[in-house]
Amino acid sequence: MATKNEKYTYGDGSRKAATATARLYKGEGEIIINDKPALEYLSGNKTLMAEITDPLALTQKQKEFRITVRVKGGGMAGQVDAIKLAISRALVTEFPEFRPVLKKAGLMKRDPREKERKHYGLRSARRREQFSKR
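An account of the accompanying structure is given in this report. (Residues numbered from 1 in each chain as written. Predicted model: local features only at pLDDT ≥ 70, side-chain atom pairs only at ≥ 80, totals over all residues. Heavy atoms only, no water.)

Summed over all chains, the structure comprises 13 salt bridges. For K84, the salt bridge goes to E51, with nearest N and O atoms at 3.3 Å. Here E51 lies in helix α2 (residues 46-52) and K84 lies in helix α4 (residues 76-94), a separation of 33 residues in the sequence. K84 sits in the buried class, given a relative accessible area of 15%. On the accessibility criterion, E51 (25% relative accessible area) is partly exposed. Of the charged contacts, one joins E64 and K61 as a salt bridge, the two residues approaching to 3.2 Å between their closest N and O atoms. (Salt bridge = Lys/Arg side-chain N within 4 Å of Asp/Glu carboxyl O. Helix = DSSP H or I, 4+ residues; strand = E, 2+ residues; numbered from the N terminus. Buried < 20%, exposed > 50% of the residue type's maximum accessible area, 1.4 Å probe, protein only.)

So, about the side chain of Q79. If you trace the backbone, Q79 turns up in helix α4. Looking at Q79, the relative accessible area reads 8%, which means it is buried. A polar contact is formed between the side chain of Q79 and the backbone oxygen of G73, at a distance of 3.0 Å. (Polar contact = N/O pair within 3.5 Å; in protein donor to acceptor, adjacent residues only side chain to side chain.)

Take a look at the structure:
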């Protein structure tokens, strides 16, 4: 648990409807998401866990930080991408020399794709009623 005077580096990220804020403390490599261990929060999904730790693995900083994350909104995939961006931004704040490495890997860019709104006269954003010739 973080004490009041403990120094940390901050980063935030978003994807679709999900927003995440990450704090990097000096530590031994544990990741806590919304007051739960990361693997527990991700329901034991190891591929999502590997995706979250991509920025740390790329910079060889897996065992140097204790990371606490607050994430809300969206689904699991959007939350994972938001967390990944938040951790990347926090790492660049702490170590500016990592920016080119993370940028080349595509971890510094927010994915701009959003859900398209439903349009008038259609079933959903683009789905129409089936056309009948007769």
